[in-house]
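Below are the chains, spelled out letter by letter.
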Amino acid sequence: MHHHQLSGSVLRSLLATTEDDTAVAVLLDAEYSRRLLLMRGILDSCAGTPEAERAGVEEAWRLLESVEKRAPEAVRAVLLDPQVGLWAAALFRRLSRTERDESAQDVPLWVELGFLSQFAATVSIMADASFRVPVPVRDGSVFLPCLGRARLDTAERWGTAEVRAQDGVVSVVGDATVVTLPEDPERDGPGWQGLRRLRATAEGLTLTLAIDDLGPYPAVSGLAASRRLAPEQFADWQRWISAMWPLLVADHRADARALSAGLLSLVPLPHRERLRGRTASSSDAFGCVLLTEPDQDTAVLPPQLGVALIHEFRHTLLNGLIFLAPLFEDCADLFYAPWRDDPRPLGGLVHGAYAFSGVARYWRARGEEGLAGFEFALLRDALDQVLTTLRDHPLLTPLGRRLCEALTEQTASWSTEPVGQHEQDLARLASAHHHATWRAHHLHTPKAYAQALAQAWQHGGAPLGPVPEPELRTDPGACRLDTLALLSRLSLVDPAEYARLLADADPAAQIPGAAAADLALVAGDARTAVKLYAEELALPGARPAAWAGLGLALTETGEETAGAALTNSPELAVAVSRLLPEPPDPLALAQWLAP
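Quick summary incoming for the structure in this document. What you see is a predicted model, and the numbers here were worked out from it, not measured in a lab. (Residues numbered from 1 in each chain as written. Predicted model: local features only at pLDDT ≥ 70, side-chain atom pairs only at ≥ 80, totals over all residues. Heavy atoms only, no water.)

## Observations regarding the overall build of the chain
For clarity, the threshold we go by: Labels follow the DSSP assignment, with helices taken as runs of H or I lasting at least four residues and strands as runs of E lasting at least two, numbered in each case from the N terminus. Note on method: radius of gyration uses C-alpha positions; expected globular size equals 2.2 Å times residues raised to 0.38. Categorising residues by exposure relies on relative accessible area from a 1.4 Å probe, with only protein chains included: less than 20% of the type maximum marks a residue as buried, more than 50% marks it as exposed, and the intermediate range marks it as partly exposed. Method for areas: the Shrake-Rupley scheme with a 1.4 Å probe, in which residue coverage is limited to the protein chains shown. None of His or the chain ends enter the tally, which takes Lys and Arg as positive and Asp and Glu as negative. Working definition for charges: the position is that of NZ of Lys, CZ of Arg, CG of Asp or CD of Glu.
Looking only at helices and strands, the chain features 23 helices and 16 strands. For 595 residues, the compact-globule formula gives about 25 Å, and the C-alpha radius of gyration of the chain, at 27 Å, lands near that figure. Along the first, second and third principal axes, the C-alpha atoms of the chain reach 90 × 55 × 50 Å. Split into buried and exposed, the 595 residues of the chain put 55% on the buried side. Surface exposure of the chain reaches about 25,700 Å², of which carbon and sulfur atoms provide 50%. Considering the chain, the positive charge centre built from 53 side chains and the negative charge centre built from 77 side chains are found 3 Å apart.

In structure tokens:
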């Protein structure tokens, strides 16, 4: 471990919409040091405890020290494994709590401490050393990071086994089971599940990604990863990566070089919805990305998979930078983010601006029309909104302000770059609808004013003024606010399917969150959209998004004043309609609320 400094050139690379493999190497070095510090903290915190003695912490540490002298590169490789990072960070936080109630913990502390022995065993195996070390058994398994998982014949949830290596033969020995690792540990064998890797090479550049479907530590809490992939599922992922990589190397070589240097593992998630894939990453697992299975649109899959990797890897890079130098201070405020359903904290807004600046730059290079043109048009406007919000925010650190200034400077010219007119129109609709729907869900008209407004409506009076500032209260039920963006993508990549949905009486059965009015609006039939939105809002329990859609549809038909009343402040219409005994005439209410 050594003192880390960011040179001017590396810092400039990190404060950019592009990636650089030299900067990735610097952040990996810093992450290695951070994990060494975590290990030191774990050892100091557990020293002399009964749990540490039961886990054999001292024995494991001595083994690590002896192996590190002969194979330091093995220690580095395993310590940088994302599963090791997740373990070390979670255990350090557990040990750092001033008051620990171990009875409330799902996994016994000695089992978590015993992962150090699993770590030491893997390093020793990679160094081709002879050794014996006891390891904990978790749910009948012994996981060896970077290698795989041994399944033992035991009904006990927690237990102890031993990992042995002699003359190149490695075994995991339980009470009633001996599992011998295959010569190639990536391959499965009796009782052994190998940690498989995806590999793709193009123009001399190779991407190697471990498929993490075995590790005991979830990268993101609450996101259920896929179980062990069947061989045919693994083959699918290999096929998808093989299709994506040549395109990324040919058209986005700097991105590809950065990914090949720092992307380490992929956690596969079950398929979600078409054109609504989910991605995630963790600050504790440098180089790990979580991805849902991609859509099977042959023309769309390679670029969408490539941009998904870039998106999450940029979160990893920013986390690495933040570990070295903070970009923002604690802030209680929440903000609108054009790419999220929920209000975001200041840090989340900075992360989004950084990640999506890379995503927008990626689509910018892929053309002016079709999906690429739409995505670029949508994201350049979103970035302009967010960077305007962030600019000069008092709780950004000097480096945080420098980051926002750099992103603003690099994206400033994008607003004037040509994009297909149809794609720009769709992006404008999708952006306005998302913002208005977000307001309808999360901004609430003060109760007294809302009641007075509802009474004025009921008694034929005029709207009250001035309108007070709405209150921000997060609506946990707000989801799929990107419906118009999703429908726009579908109309571009699969016009035939879109036409079929236009005639479908229940499009929500195919596209969750979508209504017939939304489809009509995206298709350019604003008058039909007005009619359908009005019909929906005339019934109890209408979606808040319908008010936003009605506002946009009215604007498209020339009713700009009434339309603006709903798109600029849809929370007023939502508040009035919820206080009335019967749903109001939505068109009349829009006209009434218009200034």
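Picking up after the structure, the text goes on.
## Section: the nonpolar core
Within soluble globular proteins, side chains that are nonpolar tend to cluster in buried spots. Rules: To form a nonpolar core, buried Ala, Val, Leu, Ile, Met, Phe, Trp, Tyr and Cys residues must be joined to one another through side-chain atoms within 4.5 Å.
Judged by nonpolar contacts, the single largest core of 196 residues is most densely connected at Trp87, Leu113, Val163 and Trp245. For this core, the leading source of residues is helix α12 (residues 370-390), giving twelve residues. Counting residues in hydrophobic clusters, the runner-up holds five residues, among them Tyr336, Leu443, Ala478 and Leu481.

## Regarding the sheet that holds strand β12 (residues 288-292)
Backbone-to-backbone hydrogen bonds join strands into a sheet, with any given pair of strands oriented parallel or antiparallel. Where we set the bar: The pairing criterion is simple: DSSP has to find at least two bridges between the two strands. Two residues qualify as a contact provided that any one of their heavy atoms is within 4.5 Å of a heavy atom in the partner residue. Here an angle of 0 to 180 degrees is reported between the N-to-C directions of two axes, which are lines fitted to C-alpha atoms, with helices fitted over the stretch in contact.
Judged by pairing direction, the sheet is mixed, and its five strands sit side by side in the order β8-β9-β10-β12-β11 without closing on themselves. The sheet terminates laterally at β8 (197-202) and β11 (279-280), the two strands that pair on one side only. In terms of strand pairing, strand β10 (residues 265-269) meets β12 through five bridges, oriented parallel. Bridge pairing in β12 places Pro268 opposite Leu291. Sitting on the sheet, helix α8 (residues 231-251) is in contact with β8, β9 (205-211), β10 and β12, with an inclination near 30° to β8.

## Here's the deal with the pattern of salt bridges
Quick note on the threshold: A carboxyl oxygen of Asp or Glu within 4 Å of a side-chain nitrogen of Lys or Arg is what we treat as a salt bridge.
Under the defined criterion, the tally for this structure stands at 41 salt bridges. With its nearest N and O atoms 2.7 Å apart, the salt bridge here joins Arg361 to Asp255. Linking Arg361 in helix α11 (residues 346-364) with Asp255 in helix α9 (residues 253-262), this pair joins segments that are 106 residues apart in sequence. When its relative accessible area of 10% is taken as the criterion, Arg361 is described as buried. What makes Asp255 buried here is its relative accessible area of 2%. Several salt bridges share partner residues, and in doing so they unite Glu19, Asp255, Arg314 and Arg361 into one network.

## Here we look at the side chain of Arg489
Keep this limit in mind: Any N or O atom pair separated by 3.5 Å or less is treated as a polar contact, with the protein-specific requirement of one donor-capable and one acceptor-capable atom, and with residues adjacent in sequence counted only for side-chain atom pairs.
By the secondary structure assignment, Arg489 is in helix α16 (residues 483-493). On the basis of relative accessibility, which here comes to 13%, the residue Arg489 falls in the buried class. There is a polar contact of 2.5 Å between the side chain of Arg489 and the side chain of Glu375. Other than its neighbours up to four places away in sequence, Arg489 contacts Leu275, Leu371, Phe374, Glu375 and Leu378.

## A look at the packing of aromatic side chains
Heads up, the condition is: Aromatic pairs are defined between Phe, Tyr and Trp rings, using the six-membered ring for Trp, whenever the two ring centres lie within 6.5 Å; interplanar angles under 30 degrees are classed as stacked, those over 60 as edge-to-face, and all others as tilted. Either the NZ atom of lysine or the CZ atom of arginine qualifies as a charge over a ring when it sits within 6 Å of the ring centre and within 35 degrees of the ring normal.
Taken as a whole and assessed by the stated rule, the structure comprises eight aromatic pairs. Where Tyr336 meets Trp438, the ring centres are 5.1 Å apart and the plane angle is 70°; that geometry is what we call edge-to-face. A residue pair is termed long-range when its members are at least 10 positions apart, and Tyr336 in the loop between β13 (334-335) and β14 (344-345) and Trp438 in helix α14 (residues 421-442) qualify at 102 residues. Tyr336 gets classed as buried once you look at its relative accessible area, which sits at 13%. Taking relative accessible area as the criterion, Trp438 reaches 5% and is therefore assigned buried. Aromatic pair Trp457 and Trp592: ring centres 5.4 Å apart, planes at 70°, arrangement edge-to-face. With Trp457 in helix α15 (residues 447-458) and Trp592 in helix α23 (residues 586-593), this residue pair connects regions lying 135 residues apart in the sequence. For Trp592, a relative accessible area of 15% gives the class buried. Over the ring of Phe323 we find Arg34; its NZ or CZ atom is 4.0 Å from the centre of that ring. Over the aromatic face of Tyr354 sits the side chain of Arg314, whose NZ or CZ is 4.0 Å from the ring centroid.

## Regarding α14
To be explicit about the condition: Each helix should span, by expectation, one fewer than its residue count multiplied by 1.5 Å.
Look at α14: 32 Å from first C-alpha to last across 22 residues, which is about the 32 Å you get at 1.5 Å a residue. Among the 22 residues in α14, 16 count as buried, and that is most of the element.

## Digging into the packing of α16 against helix α17 (residues 495-502)
Quick note on the threshold: In this scheme, roughly parallel covers angles under 35 degrees and roughly antiparallel covers those over 145, while 65 to 115 is roughly perpendicular and the rest are oblique. Basically, the charged four are Asp, Glu, Lys and Arg, the nonpolar ten are Ala, Val, Leu, Ile, Met, Phe, Trp, Tyr, Cys and Pro, and anything else, Gly included, counts as polar.
Their axes nearest at 5 Å, the elements α16 and α17 cross at an angle of 125°. As the angle between them shows, α16 and α17 are arranged oblique. Contacts between α16 and α17 involve Leu487, Leu490, Ser491, Leu492 and Val493 on the former and, on the latter, Pro495, Glu497, Tyr498 and Leu501. Residue composition of the contact of α16 with α17, by class: seven nonpolar, one polar and one charged.

## So, unusual backbone geometry
Across residues other than glycine, the phi torsion is negative in most instances, and most of the peptide bonds are trans. A cis amide bond, omega -5°, links Gly465 with the succeeding residue Pro466. Of note, Glu203 is a non-glycine position whose phi angle comes to about 50°, a positive value. For Glu203, the location among the structural elements is in the loop between β8 and β9. In this structure, Asp392 is a non-glycine residue whose phi angle is positive, near 65°.

## Quick notes on the pairing of β9
A regular strand places its side chains on the two faces of the sheet in alternate fashion. Where burial is concerned, most of β9 is hidden: five out of the seven residues are buried. Here β8 pairs with β9 via six bridges, running antiparallel. Following the sheet pairing, Ala202 is matched in β9 by Leu205. In this structure, the hairpin formed by β8 and β9 is closed by a connection of two residues, where Glu203 is found at a positive phi of approximately 50°.

## Some remarks on α12
Along an α-helix, residues three or four positions apart point the same way, because every turn accommodates 3.6 residues. End to end, α12 covers 30 Å across 21 residues, agreeing with the expected 30 Å (1.5 Å per residue, within 8%). Across the 21 residues that make up α12, a large majority, 15, are buried. Note on α12: the residue one or two positions beyond its end, Asp392, has a positive phi of about 65°.

## Side note on the side chain of Glu19
Secondary-structure assignment places Glu19 in the loop between α1 (8-14) and α2 (21-46). Of note is the side chain of Glu19, whose polar atom sits 2.6 Å from the side chain of Arg314. Other than its neighbours up to four places away in sequence, Glu19 contacts Ala254, Asp255, Ala258, Ile310, Arg314, Leu317 and Arg361.

## A few points about the pairing of strand β3 (residues 148-151)
Pairing between strand β2 (residues 141-144) and β3: four bridges, direction antiparallel. Along β3, the bridge assignment pairs Leu144 with Gly148. Counting the residues that bridge the hairpin from β2 to β3 gives three residues, and of these Cys146 lies at a positive phi of roughly 75°. Pairing analysis gives three bridges linking β3 to strand β7 (residues 192-194), with the strands arranged antiparallel. Along β7, the bridge assignment pairs Gly148 with Gly194.

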